[in-house]
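Chain residues, written in single-letter form:
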Amino acid sequence: MKFKDRLKKLMLEKNLKQSDVARLAGVSQTIVSKWLRLDSSPKLKYIQPLAKALNIRVSDLTGEIEDSEKFTPTEKRFLALSHKQQEFLMGLFDYCENHYKKIS
């Protein structure tokens, strides 16, 4: 399934308009309209806020689980986590990375 089709389906399920998605994701309505019209995914910087706005996992939005043969078992486990769990782990990763730089 293409990104635009997944987004349309999610918007229908959650009874959201383009303006609602734009407001929740912190983008313009023009950008949301472009996502729905074109056969392309949003830039990476918009994926996480959009998933958070729709209260779904990034993988639900991007269809990454559908293409799971591309991912290692660890990546699949990460993608299956909720948005909140992914954010927590990324914050922990950033902390560890910064701490390691200080001691090395």
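Quick note: structure is the one above.
Just so we're clear, the structure is a prediction, and the values are computed from it rather than from any experiment.

Conventions we followed
Residues numbered from 1 in each chain as written. Predicted model: local features only at pLDDT ≥ 70, side-chain atom pairs only at ≥ 80, totals over all residues. Heavy atoms only, no water. Helix = DSSP H or I, 4+ residues; strand = E, 2+ residues; numbered from the N terminus. Buried < 20%, exposed > 50% of the residue type's maximum accessible area, 1.4 Å probe, protein only. Contact = heavy atoms within 4.5 Å. Phe/Tyr/Trp six-rings, centres within 6.5 Å; stacked < 30°, edge-to-face > 60°. Axes fitted to C-alpha atoms, helices over the stretch in contact; angles between N-to-C directions. Left-handed = near helix turned anticlockwise from the far one by under 90°. Nonpolar A, V, L, I, M, F, W, Y, C, P; charged D, E, K, R; others polar.

Participant: How would you summarise the overall build of the protein chain if you had to cite specific residues and measurements?
Facilitator: Counting its secondary structure elements, the protein chain contains seven helices and zero strands. Helices and strands appear in the protein chain in the N-to-C order α-α-α-α-α-α-α. Taken over 104 residues, the protein chain has a buried fraction of 28%. When contacts within the protein chain are restricted to residue pairs at least 6 apart in sequence, long-range pairs at least 24 apart make up 52% of them.

Participant: Explain unusual backbone geometry to me, using residue names and the numbers behind them.
Facilitator: We note that N15 has phi near 55 degrees; this positive angle belongs to a residue other than glycine. By secondary structure assignment, the location of N15 is in the loop between α1 (3-13) and α2 (18-25). Non-glycine residue N55 carries a positive phi angle of around 60 degrees. Mapped onto the elements of the fold, N55 is located in the loop between α4 (44-54) and α5 (58-62).

Participant: Mind laying out the packing of aromatic side chains, listing which residues take part and the relevant values?
Facilitator: Counted by the stated rule, this structure contains two aromatic pairs. Consider the rings of W35 and Y46, whose centres lie 5.8 Å apart with planes at 55 degrees: the pair is tilted. Of this pair, W35 sits in helix α3 (residues 29-37) while Y46 sits in helix α4; the two residues are 11 residues apart in sequence, bridging distant segments of the chain. Across this residue pair, the class does not change: W35 and Y46 are buried. Linked through ring pairs, F3, W35 and Y46 together constitute an aromatic cluster.

Participant: Before we move on, could you go through the packing of α2 against α3 and cite the residues and values that matter?
Facilitator: At a closest axis distance of 8 Å, the pairing of α2 and α3 adopts a crossing angle of 115 degrees. Of the two elements, α2 crosses α3, and the hand of that crossing is right-handed. In contact with Q18, S19, V21 and A22 of α2, α3 contributes Q29, V32, S33 and L36. Classifying every residue of the contact of α2 with α3 by side-chain character gives four nonpolar, four polar and no charged.

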